[in-house]
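Below, each chain spelled out in residue letters.
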Amino acid sequence: MPTPFEIDQQIALEREQIRQGLDHLHANTRNLEEKSYASSSVYGVASIRDLIPHVVGRIDATRLRLIKGQAGVNFKEIYEYLKDLEPEAAAAIACKITFDKVFSTKSKANLVSSVTDAIGKAIENECMMRHYETNVPGLLHSLKENYWHKSIGTHQKVVVIRTLMNRCDVEHWKTWGRANRIRLGGWLLDCICLSSNWFMTNMQREGRKTRTYVVPTPEFIAIKDQVMATAELFSPIAWPMLIEPNDWSNETQGGYILNEVMKGYDMVRRGNPSRIQGETPIAFLNKIQKVAYTLNQFVVGVAETLMTKGIAVGKFVPVVEIPLPPKPVDIAENYDSRKDYRRRAAEVMNLNSQAFQKSCRTRMTMNAVKVFKNKKKFFIPWSFDYRSRVYPIPAFLTPQDTDFGKSLLKFHVSAFVTPESERWLAFQVATTYGLDKDTMHDRQVWVDNNHDLIKRVATDPIGNLPEWEAADEPWQFLAACEEYYACVIDCNRQFTNLMVATDATCSGLQILAGLARDKSTAKLVNVVPGDKPQDAYKVIAEQAKPDVPERIQPFMDRKVTKRTVMTIPYNAKPYSNRSYIRDALKEKGVEVKKEELTAVVKAVRNAMDEVVPGPMRVMKWIEKEVAAAIDRGEQQIEWVTPSGFIVTQRLMKYQTQRIDLQLLGRCQVKVATGDTDKVDKAHHKNATAPNLIHSLDASLLCLSTFRFDAPISLIHDSVLCRATDMGVLSAIVRETYMHLFAEHDYLTTFAQQIGAETKPPIIGDLEPSTVIHSTYFFC
């Protein structure tokens, strides 16, 4: 039990989190307004999302009047500029610019002439980019690839593209002129004002001049204040806790002490708040919250040194500020000198801007490290998603972080180093280095043969940086080397608290193999014992190779098929398969044609039907039965997992239209507010199999954790514990899988729960009890 002093410390920390969160929210809002990007603020995003459908309706109504000859002469002139632009695109651009200008802190930014000209200019820029996309798509693509992401802001992107296009022998864009831009922008601004009553004009006398500004109405100010007040409830920074988090229950809020007052976090994210969950999953959630962690001071020291030196390693990216070039002495009178300096300065500013964005997570992680660096121990509050997977509530210093973030953590309680724990520490060293597909024996041999490397990395990580930054997971490899050196090579430490991780082999196929009792699939994903790890990705690549174009065959290997095979159990469709395979082949220097890519995708999917028949049949059966349930009038799909968690899948239709803008990117425009009363049948068909798999792998870890009496942490289909305990935990995970699929025919239970009309396609040639002897089930 925490002492009153410890509780006071935690409350003070949570209040500090609230204060910093509020400061960050308001500072970010001010910063966006100062840069004329209020459309990206909390209130801007929420308001524009609701406003666009009304503006689209206004534009459509005017176009309809034009067809009937009732729109007037003025709109006919404007229509020439809008005819090639969708109403949704015009509305999205106009709303964005209006918010940027009206709420900008820059002087006179919200003058009517400034706002209307800016809207017209943004519309013209979008049309110009589409003009180039239509007439010279190859050239535009090449310019984007080489210059687009190096530019800061939309304006510079436009300038760069326009300048480079003017240097090429292409049909130049004919500018519209400021008068036409203002006329077009004024009409779109009227559409916004008349469809929302959120903005109005305000005339102000300034000396001898009268100027007209666009200002928000009192009605919108009230909406903005409400949006910001709601955002403030969810703005606190989420950090670990200094004491054990409060227990969750169906009646009370758990986690942070102040959560019961603020109600900022729910036990089940995106779940039904009125749903009563079973005792077992809640007890499991409360158990993992009681695991204490501490920072790995060795890794912290290395990170602080590299932060100071500005050296990036893997996901650790410190800010590297490049100084601006010195100004030439003749910059004031020499045009060429001035132009050259501006170009060089712009390149430096672009690089600095990109570096600052890339370093964002690293900077925020190191800020959290400062808070907890001198804390003896801390705890992590957790919550479920609606499928019963568990997630840490804090965003930093958790086991579900990047390679760098994970390396910062150790368990607070250590365990005595035994011969078995020495083997598991060696496993962690080899696996994080990149030998995760090797046998246990080969990993141990590699470690035995590389004691000198491990010693160099552990004793002088900065001096031997090239030797560990090349590892697959460099930061976790660094942490493992230091622990292995201290506990096994130098023997100056008799206790270990390093977090050692074992992962499922293609978890989706493991679960589906158990559901279908499919022995051939189970063998491919290490459910059936073998003398070395099986590689389903490689087997499927070999199966598909004869059916792919001859030119592609030499490149067909596990890397080409991995992401496709991994995601098909989660209902990935051919379209996403195409992008995965295209990217994998591109990494090998192979540019694949459209028809070739179609053939490769088809071959891989057909190979999966041959190699993993059980999972493919189960997924097709689930789709068919879910569709039948919706056709019978079911409003939602619901099932109870083996751990007792009730999964409620409610997916209702709402209408959206995706607009691809050249300058503003991809926008999802909602054209009907709120959910409709129609069930989204297609979404249910696609989502049920993945969600069932997620709920079952969550049950596997939940029930395993209950039988395990040592510190443990979880990453969806991965378990982490101390090296001393990994042998016990591995056995428990295998036994739990056996109980789930040998003692229970869960697929039949699921069929009954959703009211299936046909029997599930169970092959039945797998004995799940064989997993007890599978070394590589989790490895």
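Everything numeric here is computed off the predicted structure, so don't read it as measured data.

Cut-offs and rules
- Residues numbered from 1 in each chain as written.
- Predicted model: local features only at pLDDT ≥ 70, side-chain atom pairs only at ≥ 80, totals over all residues.
- Heavy atoms only, no water.
- Helix = DSSP H or I, 4+ residues; strand = E, 2+ residues; numbered from the N terminus.
- Rg over C-alpha atoms; globule rule 2.2 N^0.38 Å.
- Buried < 20%, exposed > 50% of the residue type's maximum accessible area, 1.4 Å probe, protein only.
- Salt bridge = Lys/Arg side-chain N within 4 Å of Asp/Glu carboxyl O.
- 1 Å grid on protein atoms, 1.4 Å probe; cavity = no way out; pocket = protein on both sides within 12 Å on 5 of 7 lines; lining within 4 Å.
- Points joined across faces, edges and corners; volume = space filled by probe spheres on them.
- Nonpolar A, V, L, I, M, F, W, Y, C, P; charged D, E, K, R; others polar.
- Pairing = 2+ DSSP bridges.
- Contact = heavy atoms within 4.5 Å.
- Axes fitted to C-alpha atoms, helices over the stretch in contact; angles between N-to-C directions.
- Core = buried A, V, L, I, M, F, W, Y, C linked by side-chain atoms within 4.5 Å.
- Expected span 1.5 Å × (residues − 1).
- Parallel < 35°, antiparallel > 145°, perpendicular 65-115°, else oblique.
- Left-handed = near helix turned anticlockwise from the far one by under 90°.
- Lys, Arg positive; Asp, Glu negative; His and termini not counted.

S.K.: Please clarify how the overall build of the chain should be interpreted in this entry.
M.R.: The number of helices and strands found in the chain is 30 helices and 16 strands. For 779 residues, the compact-globule estimate of 2.2 N^0.38 gives 28 Å, and the chain sits close to it at 30 Å. For the chain, the C-alpha atoms occupy an extent of roughly 90 × 70 × 65 Å along the three principal directions. In the chain, which comprises 779 residues, the proportion classed as buried is 51%.

S.K.: How do you make sense of the pattern of salt bridges when you look at a structure like this?
M.R.: Close approach of charged atoms allows side chains with opposite charge to pair. Scanning the entire structure with this criterion turns up 34 salt bridges. A salt bridge links R181 to D117; the shortest N-O distance between them is 3.2 Å. Of this pair, R181 sits in helix α8 (residues 178-196) while D117 is found in helix α5 (residues 112-135), placing the two residues 64 residues apart along the sequence. Neither residue differs from the other here; R181 and D117 are each classed as buried. The salt bridge involving K681 is made with D631; its shortest N-O contact spans 3.0 Å. One end of the pair, K681, is in helix α28 (residues 681-706); the other, D631, is in helix α27 (residues 613-631), with 50 residues separating them in the sequence. Linked through salt bridges whose partners overlap, the residues forming this network are D117, E124, R178 and R181.

S.K.: What exactly am I supposed to notice about empty space enclosed by the protein here?
M.R.: Gaps left between atoms are located by rolling a probe of water-molecule size over the structure's atoms. This structure, assessed with the given rule, holds four cavities of 30 Å³ or more. Lining the largest cavity are K406, S407, L409, Q428, Q476, A479, A480, L498, M499, A501 and L720. If you list the elements that add at least two residues to the lining of the largest cavity, you get α15 (403-407) and α20 (474-489). Broken down by element, the lining of the largest cavity gets its largest block of residues, three residues, from α20. Residues of the lining of the largest cavity, tallied by class, amount to seven nonpolar, three polar and one charged.

S.K.: Help me out: how do you make sense of the sheet that holds strand β6 (residues 382-385) in this one?
M.R.: Note on sheets: strands pair through backbone hydrogen bonds, and any given pair is parallel or antiparallel. One open sheet holds the three strands; their spatial order is β3-β6-β7, and the pairing between them is mixed. One side of each edge strand has no neighbouring strand; the edge strands of this open sheet are β3 (268-269) and β7 (390-392). With two bridges connecting them, β3 and β6 associate as parallel partners. The residue bridging R269 from the neighbouring strand is D385, located in β6. Along the sheet, helix α11 (residues 279-288) makes contact with β6 and β7, crossing β6 at roughly 145°.

S.K.: How should I be thinking about the nonpolar core in this particular structure?
M.R.: A general feature of soluble globular proteins is that nonpolar side chains tend to end up buried together. Grouped together as the largest cluster of nonpolar side chains are 158 residues, with contacts concentrated most on Y293, V429, W468, W475, F477, L515 and F750. In terms of residue count, the dominant contributor to this core is α20 (10 residues). Among residues more than four places away in sequence, those in contact with L515 are L692, L696, F741, Y746, L747 and I762.

S.K.: Honestly, the environment of L184 in this entry has me stumped. Any pointers?
M.R.: Position of L184 relative to the elements: it lies in helix α8. Separated by 60 residues in sequence, L184 and E124 have C-alpha atoms that sit 9.8 Å apart. In this view, L184 contacts I78, Y81, L82, I123 and W176; residues no more than four positions away in its chain are not counted.

S.K.: Any chance you could explain helix α16 (residues 419-433) here in plain terms?
M.R.: Every α-helical turn comprises 3.6 residues, leaving residues that sit three or four positions apart pointing alike. Taking 1.5 Å of rise per residue, the 15 residues of α16 would be expected to cover 21 Å, and the 22 Å separating its terminal C-alpha atoms lies within 8% of that figure. Listing the buried residues of α16 in full gives S421, W424, L425, A426, F427, Q428, V429, A430, T431 and T432. One or two residues past the end of α16 sits G434, with phi positive at roughly 135°.

S.K.: Got a minute to help me understand the packing of α11 against α28 in this structure?
M.R.: Pairs of packed helices are described in terms of their axes, by the angle between the two and the distance that separates them. The geometry of α11 relative to α28 is characterised by a closest axis approach of 10 Å and an angle of 70° between their N-to-C directions. Taken together, the axes of α11 and α28 are roughly perpendicular relative to one another. In the crossing of α11 with α28, the sense of the turn from one axis to the other is left-handed. Where α11 approaches α28, its residues T280, P281, A283, F284, K287 and I288 are matched on the opposing element by L701, C702, L703, T705 and F706. Of the residues in the contact of α11 with α28, the class split is eight nonpolar, two polar and one charged.

S.K.: Would you take a moment to explain the layout of surface pockets for this structure?
M.R.: By volume, the second largest pocket amounts to about 1,200 Å³. Considering the residues around the second largest pocket, the lining is formed by 39 residues, among which D436, E473, D503, A504 and K562 are closest to the centre. Looking at the lining of the second largest pocket, the elements that each hand over two or more residues are α15, α16, β10 (500-503), α21 (507-516), α23 (536-544), α24 (558-567) and β16 (718-721).

S.K.: What exactly am I supposed to notice about the side chain of R734 here?
M.R.: Inspection of the secondary structure puts R734 in helix α29 (residues 726-743). Here R734 sits buried without a salt bridge, and the closest side chain of opposite charge, E735, lies 7.0 Å off (N-O distance). When sequence neighbours within four positions are dropped, the list of residues in contact with R734 reads V771, I772, S774 and F777.

S.K.: Mind showing me how you'd approach the pairing of strand β1 (residues 199-206) here?
M.R.: Where a strand is regular, its side chains alternate between the two sheet faces. Pairing of β1 with strand β2 (residues 209-216) involves eight bridges; the strand directions are antiparallel. Bridge pairing in β2 links N202 to Y213. In textbook terms, the turn of a hairpin is the stretch between consecutive antiparallel strands, and for β1 and β2 this stretch comprises two residues, one of which, G207, has a positive phi near 65°.

S.K.: Is there a simple way to think about the sheet that holds strand β9 (residues 495-498) in this case?
M.R.: Strand order in the open sheet formed by four strands is β5-β4-β8-β9, and the pairing between neighbours is antiparallel. Since the sheet does not close on itself, it has two edges, and those belong to β5 (378-379) and β9, each with one partner. As defined by bridge partners, strand β4 (residues 292-295) adjoins strand β8 (residues 409-416) across three bridges and the pair is classed as antiparallel. For L295, the partnering residue across the bridge sits in β8 and is L409. Packing of α20 onto the sheet brings it into contact with β8 and β9, and relative to β9 it is tilted by some 175°.

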